[in-house]
Amino acid sequence: MTDSSGESALAFRCRALSVDLGVGEARRRIIEDLDLEVPRRQFLCILGESGVGKTTLLRVFGGLVDATADSVLELNGERVVGPPQGAVFVFQNYAASLLPWRTARRNVELGLEATTSKAARQQRVTAALRQVDLADHADDYPWQLSGGMQQRVQLARALAVEPDLLLMDEPFGALDAMTRENLQVELRRIQQTSGATVIFITHDVDEAVFLADRIIVLKGKPASIGIDVMSRLPAERDQVRTKESPEYLELRHRVYEAVSRRSGGGKE
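Note that the structure is a prediction, hence the values are computed from the model and not measured.

1. Concerning helix α9 (residues 246–259)
Alright, step 1. Between the first and last C-alpha of α9 there are 20 Å, a value that for 14 residues agrees with the 20 Å anticipated at 1.5 Å per step.
Alright, step 2. Within α9 the residues assigned to the buried category are Y248, L251, V255, E257, A258 and V259.
Alright, step 3. Elements that come into contact with the buried residues of α9 comprise β3 (43–47), α7 (205–211), β9 (214–219), β10 (224–230) and α8 (241–244).

Following this line, the structure appears as structure tokens:
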């Protein structure tokens, strides 16, 4: 797939991806023969029942877990082996991801210190903190920030390195319901304005339907793609109006049925 300039329009691709975990007789296949193409700027959510291999798959995408030798992974049209340059993780455990002795600004700088000049670093850090609405808290330490604000610092750190691909592993799972819903709205806004490509793991059907441009449900043991469906929701979303819309309710029903194993698979 290419855009009008001839440049690849795909941010990420995997072909014939299989994953084995364990040693010796305990070794088993977790994911088998998975093909996936993710266009640039797409927000993709991946769901599936507990234990199906969602986090394992994301870790393979980020180079933290090895796929089988015949698996192919590509970022921006280039085959990758090991951790791909341009892919950044955002984890659920924000508290463990931030250095408590560094301010928000200094935490966001962390991924730039080895590669970026001081002037450029300051500019990018300031812009990233503005994107997540934390410019007024740049000099606060993590312990002075709420859980939601700490997670936004982690997101700002990811955005500051200007990633080609954001890999998000249930990043809002440890937050209270109201904070989680507020950050879902913020993440949609940030993704739209930054143009980031996002692969987002969640077990929450409502979260996936609200956030995603596209939803994949993993099925089976070993896992493969059960359904692959595009959202028809507008780019701008609201926690009340969006969730009351017929399009939202229809998609939620479709995805819930797939996750709960009451329907078949397919691509839509």
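There is more to say, and it comes next.
2. With respect to unusual backbone geometry
Alright, step 1. In this structure, the amide linkage connecting K221 to the following residue, P222, adopts the cis form with an omega of 0°.
Alright, step 2. Within the secondary structure layout, P222 lies in the loop between β9 and β10.
Alright, step 3. Phi at E162 is positive, roughly 55°, even though this residue is not glycine.

3. Some words on the packing of aromatic side chains
Alright, step 1. For the coordinates displayed, the defined rule picks out 5 aromatic pairs.
Alright, step 2. Ring geometry for F43 against F200: centres 5.8 Å apart, planes inclined by 40°, an arrangement best described as tilted. Within this pair, whereas F43 is found in strand β3, its partner F200 is found in strand β8 (residues 197–201), the two being separated by 157 residues in sequence.
Alright, step 3. The exposure class of F200 is buried, given its relative accessible area of 0%.
Alright, step 4. Ring geometry for Y141 and W143: centres 6.4 Å apart, planes at 10°, overall stacked.
Alright, step 5. A network of ring pairs unites the aromatic residues F43, F172 and F200 as a single cluster.
Alright, step 6. For K243, the ring lying beneath its charged end belongs to F210, and the centroid distance is 5.6 Å.

4. Points about the sheet that holds strand β2 (residues 28–39)
Alright, step 1. The strand order β2-β1-β4-β5 describes an open sheet built from 4 strands, whose pairing is antiparallel. Each edge of the open sheet is held by one strand with a lone partner, namely β2 and β5 (78–79).
Alright, step 2. Taken together, the 8 bridges between strand β1 (residues 10–21) and β2 define a ladder with antiparallel strand orientation. Bridge pairing links F12 to V38 in β2.
Alright, step 3. The strands that helix α1 (residues 54–61) touches are β1, β2 and β4 (72–75); relative to β1, the one it contacts most, it runs at about 120°.

5. Considerations on the nonpolar core
Alright, step 1. L155, L166, F200, I215 and V255 are the most contacted members of the largest nonpolar core, which totals 50 residues.
Alright, step 2. Among the elements that line this core, the one with the most residues is helix α5 (residues 147–160), at 7 residues.
Alright, step 3. When sequence neighbours within four positions are dropped, the list of residues in contact with L166 reads V88, V90, L155, A158, L159, A196, T197, V198 and I199.
Alright, step 4. Listed in part, the 28 residues of the second largest apolar core include V38, L73, L167 and I216.

6. Describing α1
Alright, step 1. Of all the 8 residues making up α1, 6 are buried; the element is thus mostly covered by neighbouring parts of the structure.
Alright, step 2. By the burial criterion, the buried members of α1 are K54, T56, L57, L58, V60 and F61.

7. Considering the pattern of salt bridges
Alright, step 1. As enumerated under the stated definition, the model contains 18 salt bridges in all.
Alright, step 2. The residue R252 makes a salt bridge to D206 at a minimum N-O spacing of 2.8 Å. A residue pair is termed long-range when its members are at least 10 positions apart, and R252 in helix α9 and D206 in helix α7 qualify at 46 residues.
Alright, step 3. For R252, a relative accessible area of 29% puts it in the partly exposed group.
Alright, step 4. In this structure, R237 and D213 form a salt bridge, with 3.8 Å as the shortest nitrogen-oxygen distance. Highlighted residues: R237 in the loop between β10 and α8 and D213 in the loop between α7 and β9, separated in sequence by 24 residues.
Alright, step 5. Residue R237 is classed as buried on the basis of its relative accessible area of 11%.
Alright, step 6. D213 gets classed as buried once you look at its relative accessible area, which sits at 18%.

Calculation notes
As a convention, each chain's residues are numbered from 1 in the sequence order in which they are written. Restriction of local features to residues with pLDDT of at least 70 applies here, the model being predicted, together with a cutoff of 80 or more for giving and counting side-chain atom pairs; totals for whole chains, interfaces and linings are based on all residues. With hydrogens and water stripped out, all remaining heavy atoms of the structure feed into the side-chain values. Runs of E in the DSSP output that reach at least two residues are strands. Runs of H or I that reach at least four are helices, and both are numbered from the N terminus. Working rule for helices: expected span equals 1.5 Å times residues minus one. Classification of residues uses two cut-offs on accessible area relative to the type maximum, computed with a 1.4 Å probe and protein chains only: under 20% is buried, over 50% is exposed, and between them is partly exposed. For this analysis, residues touch if any pair of their heavy atoms sits within 4.5 Å. Any two rings among Phe, Tyr and Trp, with Trp reduced to its six-membered ring, count as a pair given centres within 6.5 Å; such a pair is stacked if its planes are under 30 degrees apart, edge-to-face if over 60, and tilted if neither. We call a charge positioned over a ring when the NZ of a Lys or the CZ of an Arg lies within 6 Å of the ring centre and within 35 degrees of the ring normal. Pairing between strands is defined by DSSP: at least two bridges between them are needed. Helix axes are fitted to C-alpha atoms over the stretch in contact, other axes to C-alpha atoms as well, and angles between N-to-C directions run from 0 to 180 degrees. Residues enter a nonpolar core if they are buried and are Ala, Val, Leu, Ile, Met, Phe, Trp, Tyr or Cys, with the set joined through side-chain atoms within 4.5 Å. A side-chain nitrogen of Lys or Arg and a carboxyl oxygen of Asp or Glu constitute a salt bridge if their distance falls within 4 Å.

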